[in-house]
Amino acid sequence: MIEIVETTRADDAAWRDYTGRNPEARLFHDRRWGDVIEKAYGHRTVHLAAKRGGRIVGVLPVTDVKSALLGRALISGAFAVAGGALADDDEALGALCGRAHDMGRELGVKYVELRGGGAPANTVWVAKSGIHAAFVRELPATEDGLIPWLPKNRRAQVKKAMRIESEHGASLRSGGTPEEFQPLYAESLRNLGTPVPPMALFREIMTAFADSAEITLCMKDGAPIAGVLSFWHGGSVAPYYIGGTAEARALFAYDYLYFSLMKEAIARGVRIFDYGRSKIGSTHFDTKTYWGFAPTPVVYQVGLVRAKELPNLSGANPKFALISDVWKRLPLPVANLAGPILARHLA
């Protein structure tokens, strides 16, 4: 007999134990991610658990996102690339997904989106695919094997990027702060036509995930020109946020940061490099293939409630393509001021 409960802080240890031993668990199943999103954006996360005989046999965090732009939705995981239900068996999976969909109806949301995991084979859930791909690859065992591990046409690019130290006096600095990183990320997102998250998001991440989040900066002339915020989680490293100035791009600072992170992972005995997801056909998608990473299709499950069709926030949607094009043209101070206001509505 399966019981679905909304867990509380009293269940923290049991939740952590379950996700810690489930190989499909992602960073965004960590209860701390829900705390970060609530503090930074004001959206509450409900942590559902399936219990059998009082023992957790499945979990599903769902965030109640109230967006003035897109309408209300339940999302797992919100403001993330992964999430969804983790379950020991089909009975637990069906009960968790069923409860999430029922919550959506009770709250009057447009849809419920599970960004990962499975869903029962019924007409309630529709697979959403063909939009994103994930890129994960095992690193070589030693640093000496890293250059040969790269595709031949990428080796020259990396060697050029690593000359940023000798030819331009740049250097790496770990332990960067949100105040140093967020402006770099803001400039990059403006250039991509995307609103930047508020400073509060990065402050909350670095506080909540002090044991696993790290900001590494590329310094030049005493100032940061590029930075990456990475998560070290479950035997992998994920460069989740990266940004920099126009100068950084000209000096191949992004390649410098990525390659240096790969070397650091090998030094720490971490073998899995999680390059994250990218929209199929995008520049980021192509860049990751150039590094030798093979794309893996990303499939989300969507349960329509009031909506009549699947949500589409991609550039293929003319409405969002137009907004993105306008955003790229905004003066940076204007984009930095308006971006955090809009970002909370774009989960």
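That block above? That's the structure.
Reading guide: rules and limits
- Residues numbered from 1 in each chain as written.
- Predicted model: local features only at pLDDT ≥ 70, side-chain atom pairs only at ≥ 80, totals over all residues.
- Heavy atoms only, no water.
- Helix = DSSP H or I, 4+ residues; strand = E, 2+ residues; numbered from the N terminus.
- Rg over C-alpha atoms; globule rule 2.2 N^0.38 Å.
- Buried < 20%, exposed > 50% of the residue type's maximum accessible area, 1.4 Å probe, protein only.
- Contact = heavy atoms within 4.5 Å.
- Areas by Shrake-Rupley, 256 points an atom, 1.4 Å probe, with all protein chains shown as cover.
- Phe/Tyr/Trp six-rings, centres within 6.5 Å; stacked < 30°, edge-to-face > 60°.
- Salt bridge = Lys/Arg side-chain N within 4 Å of Asp/Glu carboxyl O.
- Pairing = 2+ DSSP bridges.
- Polar contact = N/O pair within 3.5 Å; in protein donor to acceptor, adjacent residues only side chain to side chain.
- Core = buried A, V, L, I, M, F, W, Y, C linked by side-chain atoms within 4.5 Å.
- Arc of directions from axis to C-beta.

Novice: Could you give an account of the overall build of the chain, naming the residues involved and the relevant values?
Specialist: From N to C terminus, the chain includes 13 helices and 15 strands. Since a compact globule built from 347 residues should have a radius of gyration of about 20 Å, the 21 Å found for the chain is in line with a globular shape. Overall, the chain is about 65 × 45 × 35 Å in size when its C-alpha atoms are taken along their principal axes. For the chain, the proportion of its 347 residues judged to be buried stands at 50%. In the chain, the proportion of contacts linking residues at least 24 apart, taken out of those at least 6 apart, comes to 71%. Total accessible area computed for the chain in this model is approximately 15,800 Å², and 53% of it derives from carbon and sulfur atoms.

Novice: How would you explain the packing of aromatic side chains if you had to name every residue and give the values?
Specialist: According to the stated counting rule, one finds 20 aromatic pairs in the structure shown. Taken together, a centroid distance of 5.4 Å and an interplanar angle of 50° make the contact between F28 and Y240 tilted. Of this pair, F28 sits in the loop between α1 (12-21) and α2 (31-41) while Y240 is found in strand β12 (residues 236-244), placing the two residues 212 residues apart along the sequence. Geometrically, the ring pair formed by F181 and F202 is edge-to-face, given 5.4 Å between the ring centres and 75° between the ring planes. Note that F181 is positioned in helix α7 (residues 178-192) and F202 in helix α8 (residues 199-208), a separation of 21 residues in sequence. Residues F181 and F202 agree in their burial class; the two are buried. In this structure an aromatic cluster arises from ring pairing among F28, W33, F181, Y185, F202, F209, F231, Y240 and Y241.

Novice: Quick rundown of the pattern of salt bridges? Include the residues and the values.
Specialist: Summed over the entire model, instances satisfying the criterion amount to 25 salt bridges. As a salt-bridge pair, E179 and R203 come within 2.7 Å of each other at their nearest N and O atoms. With a gap of 24 residues between them, E179 in helix α7 and R203 in helix α8 connect regions that are remote in the sequence. The exposure class of E179 is partly exposed, given its relative accessible area of 39%. With a shortest N-O distance of 2.6 Å, D325 and R329 are connected by a salt bridge. Taken together, the shared-partner salt bridges in this structure form one network comprising R9, D12, R31 and D35.

Novice: Describe the pairing of strand β6 (residues 111-114), listing the residues and the values that go with them.
Specialist: As a general feature of sheets, a regular strand has side chains that alternate between the two faces. Side chains Y111 and E113 project from β6 onto one buried face, and the interleaved V112 and L114 project onto a second face that is buried too. Pairing of strand β4 (residues 71-76) with β6 involves four bridges; the strand directions are parallel. Among the inter-strand pairings, L74 is bridged to a residue of β6, identified as V112. Two strands pair when backbone bridges link them, and β6 and strand β15 (residues 300-304) are joined in this way by four bridges, in the antiparallel orientation.

Novice: Go over the environment of R277 with me, naming the residues and quoting the values.
Specialist: Along the chain, R277 turns up in strand β13 (residues 272-279). Classification of R277 as partly exposed rests on a relative accessible area of 27%. Looking at R277, its side chain comes within polar contact range of the side chain of Y300, at 2.6 Å.

Novice: Could you give an account of the nonpolar core, with specific residues and numbers?
Specialist: In terms of nonpolar packing, the biggest core is built from 39 residues, with W33, L201, I205, L229, F231 and Y241 touching the most fellow members. If we skip the residues at most four places from it in the chain, W33 touches L27, F28, A78, F79, A80, I205, F209, F231 and Y241.

Novice: Kindly report on α8, identifying the contributing residues and their values.
Specialist: Looking at α8, one finds that the buried residues are M199, L201, F202, I205 and M206. Down the axis, α8 shows its buried residues gathered within 160° of arc, on one side only. On the buried face of α8, the contacting elements are α2, α7, β10 (213-220), β11 (223-233) and β12.

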